[in-house]
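# What the coordinates show
The lines below spell out each chain.
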Amino acid sequence: MYVWLLAWRYLRTRYIALASIISVTLGVATLVIVNSVMSGFSHEMQKRLNGILSDIVVEGPDLISGFPDAERYMEEIRRIVGPELQGMTAVVHVPAMLTFDVQGQYFTRQVNLIGIDEQTYASVSDFSQYLLHPENRRRVSFQLRPDGYAPDRPGFPLSGWKYRSMRAALEKMRSRSEPPPEGPSLDVPRDPTARYYGASQQQFDPAREQHTGLVLGIAIASRRVRNSDGTVVDHFFVRPGDDVQITLPTAGNPPKAETASFTVVDFYESKMSEYDYSFAFVPLRALQDLRGMVDPQSGRRFVTAIQLKLRPGADLDHVRDKLRSRFPPNEYPYFHVATWRDLQGPLLAAVHMETTILNILLFLIIAVAGFGILAVFFMIVVEKTRDIGILKALGAPRRGVATIFVGYGLALGCVGAGVGVVLGLEFVWHINQIADWMEWLTGREVFDPTVYYFQEIPVIVEPLTVLAVAVCAVGIAVLASILPALRAARLHPVEALRYE
Amino acid sequence: MNSTVSVTAPHVALVPRPTQHTAQTAHVPPAAAPHTTALLRAEGLVKNYQRGRHLIRVLQGVDLEVADGEFLAIVGQSGSGKSTLLHLLGTLDAPDQGCIYFQGHRIDQLPPAGRDILRNKYFGMVFQFYHLLPELTTRENILVPLMIRDGLLRYWWGRRQYVKRADQLLALVGLEHRAAHRPRELSGGEMQRAAIARALVAEPSLLLADEPTGNLDRHTGQAILDLLRTLNRQQRLTIVMVTHDPSIAAQADRVVRLNEGRIEAA
């Protein structure tokens, strides 16, 4: 009883101990905030990665030829995976070059062209959520929409059939050398060089017809810049309604270059620069036809990968291993089964390492606080020498005297960690308001929208992490109090009573 | 007050040992009062301190008997070893040579846990500088020996009774109006009375007082002495008091003089 009574009284009366409490508090609060923000960013990134890549990918041997009989393999996969399977689709994934014309100048970009089945692709990924047109988010379509693109994006240029027909009319007028009508100025290609896929140049009326639809990664043909007045704007070189040319290798041996025109029907914005800068989506059958991925005799179609989506809570590694057992490399050398984590291993590992190193470095703050507690406690033991002497004179055992100071350290750690957790959580829950306030105070943006796609700072508070931080902080405080406690316990009662 | 030893520590045993005489304890110890039994007995106590290369001989063979219910004063000049003797008797320190018996049991060779129990349950101690714990109230200071004796749950269970006992002692020493005050709010005399109440709370068999009036004015010191005498007379509390003041010592039942580390013959 005397142990806890004295520890509590020391906590309330020794103001110098507040200095060590403050350092524990700040260390705990910092760790809570950093872990919550890192968790938020990491979760956003993983959600997008998982949303783009689906859960498990079964890839063929190479991107050029692919493998046939996707339906047969999909049937077998459905049997192996069983009720854990939520969705499945086949894709063709091939590197390509995209060319577009801006005011007579041609720009070429390297893209990852992905042929998808619009009926089933949405069942394995969050693809549709990243499209700009609301109708396409509900049901993916490679048909150009009349208009209504990106309604929640002020300043988005006119797009769709409205824009396409206006542009076609303007082009026709220019070709007849008629003066242009009054109206908005539109980009007009002066020297289109690509042939049109599926139609002859003479029959194709761009005002009424479109090429095969293509969904383009938003960053491929746009730039986000800051105006002279400081506002951030997106400048689009290509918009839905424009035509682009795709050059890609055919599936033959040796592969040949094939070029075709496509009409941009929507933008894809996942806020992952790796994908927004490189992905372009076209209908699967159109891509297979274009590349010659159809056996002319049997009509079998070839694909380069099968993507799977599992039910929530499914063990991805277990399913991957089951599939690998069914399609072993010695029998199926052209199959590679991997989870999305396997495919993004280096990126995830880098983020994980960054989080770990941050935690270690920030934990040093608490460790330094522990040394502060150690110093303060040694001072308190010296100050309390006579009191320790009288306690021993009254019959207090060594263990009891030591426990007073260990209990004091425990109390300090609990108070410091508790206040730190509360402070950290309050900061996390109001982090966006704090960021706004800091922007107002400093006049500088906390998150540069030309770099970051986040509108708000993502945070996730993981209770176990918060608990672990608090427990470790308390542990450090207790550890720091042990040496001084042992010193107090070993004091000779007579010498302690005579201490001045 | 308790006059029998009830040893409760499981690993501690007070084992009577035969008297050991050395060459330094050749003289006859001062006798106790003939009609009482010896509660405390010291034989041939020697205590030295090493300070660097110098050996300071403090006690050079002290023999002493204290009868049950006696009020004994040990008087001597500064540096004569009075406090050292009291510390040895109270097991705060261990002699280099000699033996100490309490109720016939040897106590100088007890393990630390045994000495802690002895000081907590059977001895009460009062010091010159009071040594109250500044963070606790007067009542809490008085209760500290009971808090040390009992575990957390046992103390919590009996706290009402203990508080009642503390309040009785506060009334006995005239401090009932100071129960909730901190030591810094008390006068010297009040602090010493609180220390005496603390020494009595566990109902000890023996009260050891080291210069209890040394830091007080004459009037207040006399009041303290009167309190000690009252406790001795009315409650048969055995008291061993150390003082440098012969006039204070004269008010005890018996006085022994310590000179150059030895008890002077009567």
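Computed from a prediction, not measured in an experiment: that's the story for all the values here. (Residues numbered from 1 in each chain as written. Chains lettered and ligands numbered in written order. Predicted model: local features only at pLDDT ≥ 70, side-chain atom pairs only at ≥ 80, totals over all residues.)

## What to know about the overall build of chain B
Summing up its helical and strand segments, chain B has eight helices and 10 strands in all. Expressed as a percentage of its 266 residues, the buried residues of chain B come to 51%. By sequence separation, contacts in chain B at least 24 residues apart represent 75% of the contacts at least 6 residues apart. (Helix = DSSP H or I, 4+ residues; strand = E, 2+ residues; numbered from the N terminus. Buried ≥ 20, exposed ≤ 12 C-beta atoms within 10 Å, placed from the backbone. Contact = placed C-beta atoms within 7 Å.)

## Examining the overall build of chain A
The helix and strand tally for chain A stands at 15 helices and 13 strands. In chain A, which comprises 500 residues, the share counted as buried stands at 39%. Across chain A, every contact between residues at least 6 apart in sequence was considered, and the portion connecting residues at least 24 apart equals 77%.

## Notes on the sheet that holds strand S7 (residues 206-210) of chain B
Backbone hydrogen bonds hold the strands of a sheet together, and the pairing may be parallel or antiparallel. All names here are of chain B. In space, the six strands of this open sheet follow the order S6-S7-S8-S3-S9-S10, with mixed pairing throughout. If you trace the sheet from one side to the other, it starts and ends with strand S6 (123-126) and strand S10 (262-263), each paired once. Taken together, the two bridges between strand S9 (residues 254-259) and S10 define a ladder with antiparallel strand orientation. Pairing of Asn-259 across the sheet is with Arg-262, part of S10. Contacts from helix H1 (residues 82-89) reach strand S3 (71-75), S7, strand S8 (238-243) and S9, with the element oriented near 150° to S8. (Pairing = 2+ DSSP bridges. Axes fitted to C-alpha atoms, helices over the stretch in contact; angles between N-to-C directions.)

## A few points about the interface of chain A and chain B
Listed by partner, the interface residues are 19 residues for chain A and 22 residues for chain B. Residue assignment for the side of chain A that touches chain B shows that the elements contributing at least two residues are helix H1 (2-13), helix H11 (385-393), helix H12 (398-429) and helix H15 (493-498) of chain A. Per element, the largest residue contribution to the side of chain A that touches chain B is five residues, and it comes from H1 of chain A. Looking at the side of chain A that touches chain B residue by residue, the classes come out as 12 nonpolar, three polar and four charged. (Nonpolar A, V, L, I, M, F, W, Y, C, P; charged D, E, K, R; others polar.)

## Let's talk about the nonpolar core
Ranked by size, the top nonpolar core spans 133 residues in total, and within it Val-28 and Ala-473 of chain A together with Ala-197 and Val-240 of chain B carry the most contacts. Element by element, the count of residues in this core is highest for helix H14 (residues 463-490) of chain A, at 12 residues. Dropping the residues within four chain positions of it, Ala-473 of chain A is found in contact with Val-24, Gly-27, Val-28, Ile-366, Gly-413, Gly-416, Ala-417 and Gly-420 of chain A. (Core = buried A, V, L, I, M, F, W, Y, C linked by C-beta atoms within 7 Å.)

## Re H1 of chain B
Side chains that are three or four residues apart share a direction in an α-helix, a result of its 3.6 residues per turn. Residue and element names in this part refer to chain B. Counted residue by residue, H1 has eight buried out of eight residues, so it is predominantly covered. Of all the positions in H1, only Lys-82, Ser-83, Thr-84, Leu-85, Leu-86, His-87, Leu-88 and Leu-89 are classed as buried. Directly beyond the C-terminal end of H1, a positive phi value near 60° is found at Thr-91.

## Overview of the sheet that holds strand S4 (residues 97-102) of chain B
All names here are of chain B. Within the open sheet, the four strands sit side by side as S2-S1-S4-S5. Their pairing is antiparallel. Among the strands making up the open sheet, the edge pair consists of strand S2 (54-67) and strand S5 (105-106). Two elements, strand S1 (residues 38-51) and S2, share 11 bridges in a ladder whose sense is antiparallel. In the sheet register, Arg-51 faces S2, and the bridge partner there is His-54. Against the sheet, H1 touches S1, S2 and S4, its axis set at about 120° to S1.

## Here we look at the packing of helix H10 (residues 345-383) of chain A against H14 of chain A
Residues and elements named next belong to chain A. At a minimum axis separation of 8 Å, H10 and H14 run at an interaxial angle of 25°. Put simply, H10 runs roughly parallel to H14. Handedness of the crossing formed by H10 with H14: right-handed. Facing Ile-366, Ala-367, Gly-370, Phe-371, Ile-373, Leu-374, Phe-377, Phe-378 and Val-381 of H10, the residues of H14 in contact are Ala-473, Ile-476, Ala-477, Leu-479, Ala-480, Ser-481, Leu-483, Pro-484, Arg-487 and Ala-488. For the contact of H10 with H14, the per-class residue count stands at 16 nonpolar, two polar and one charged. (Parallel < 35°, antiparallel > 145°, perpendicular 65-115°, else oblique. Left-handed = near helix turned anticlockwise from the far one by under 90°.)

## Details of the confidence of the model for chain B
Residue and element names in this part refer to chain B. The pLDDT averaged across chain B works out to 83; a share of 85% of its residues lies at or above 70. Confidence drops under pLDDT 50 across residues 1-36; counting only partners more than four residues distant or on other chains, this segment forms 74 contacts. Across the assembled chains, the prediction reports ipTM 0.82 with pTM 0.70. (pLDDT = per-residue confidence, 0-100.)

## Some details on the pairing of strand S8 (residues 243-249) of chain A
Residue and element names in this part refer to chain A. Counting buried positions over the seven residues of S8 gives five, a clear majority of the element. Of the strand pairs in this sheet, strand S3 (residues 85-102) and S8 are connected by three bridges, and their pairing is antiparallel. Of the residues in S8, the one forming a bridge with Thr-99 is Gln-245. Relative to strand S9 (residues 257-268), S8 is paired through seven bridges, and the arrangement is antiparallel.

## A short note on the pairing of strand S4 (residues 105-116) of chain A
Residues and elements named next belong to chain A. For S3 and S4, the ladder comprises 11 bridges, and the chain directions are antiparallel. Among the inter-strand pairings, Val-102 is bridged to a residue of S4, identified as Gln-105. Adjacent in sequence and paired antiparallel, S3 and S4 are bridged by two residues, among which Gln-103 carries a positive phi angle near 50°. As paired elements, S4 and strand S10 (residues 279-283) share five bridges and run parallel to each other. The residue bridging Ile-116 from the neighbouring strand is Pro-283, located in S10.

## What about the confidence of the model for chain A?
For chain A, the average pLDDT comes to 85, and 92% of its residues sit at 70 or higher. Predicted confidence for residues 183-201 of chain A stays below pLDDT 50, and this span has 28 contacts to residues more than four positions away or in other chains.

## Observations concerning helix H13 (residues 431-442) of chain A
Residues and elements named next belong to chain A. In this model, H13 (12 residues) spans 16 Å end to end at C-alpha, consistent with the 16 Å of a helix rising 1.5 Å per residue. Burial of H13 is sparse: only zero of the 12 residues sit out of reach of the surface. Gly-443, located one to two residues past H13, shows a positive phi value of around 75°. (Expected span 1.5 Å × (residues − 1).)

## Side note on the environment of Ser-39 of chain A
Residues and elements named next belong to chain A. Looking at where Ser-39 falls in the secondary structure, it is placed in helix H2 (residues 16-53). Taking C-alpha positions, Ser-39 is 8.2 Å from Pro-458, a pair spaced 419 residues apart along the chain. Excluding anything up to four places from it in sequence, Ser-39 contacts Ile-460 and Glu-462.

## Remarks on the packing of H2 of chain A against H12 of chain A
All names here are of chain A. Taken N-terminus to C-terminus, the directions of H2 and H12 make an angle of 40°; their axes are 7 Å apart at the nearest point. Between H2 and H12, the angle falls in the class oblique. As for the relative orientation of H2 and H12, their crossing is right-handed in sense. Here the residues of the contact of H2 with H12 sort into 17 nonpolar, eight polar and no charged.

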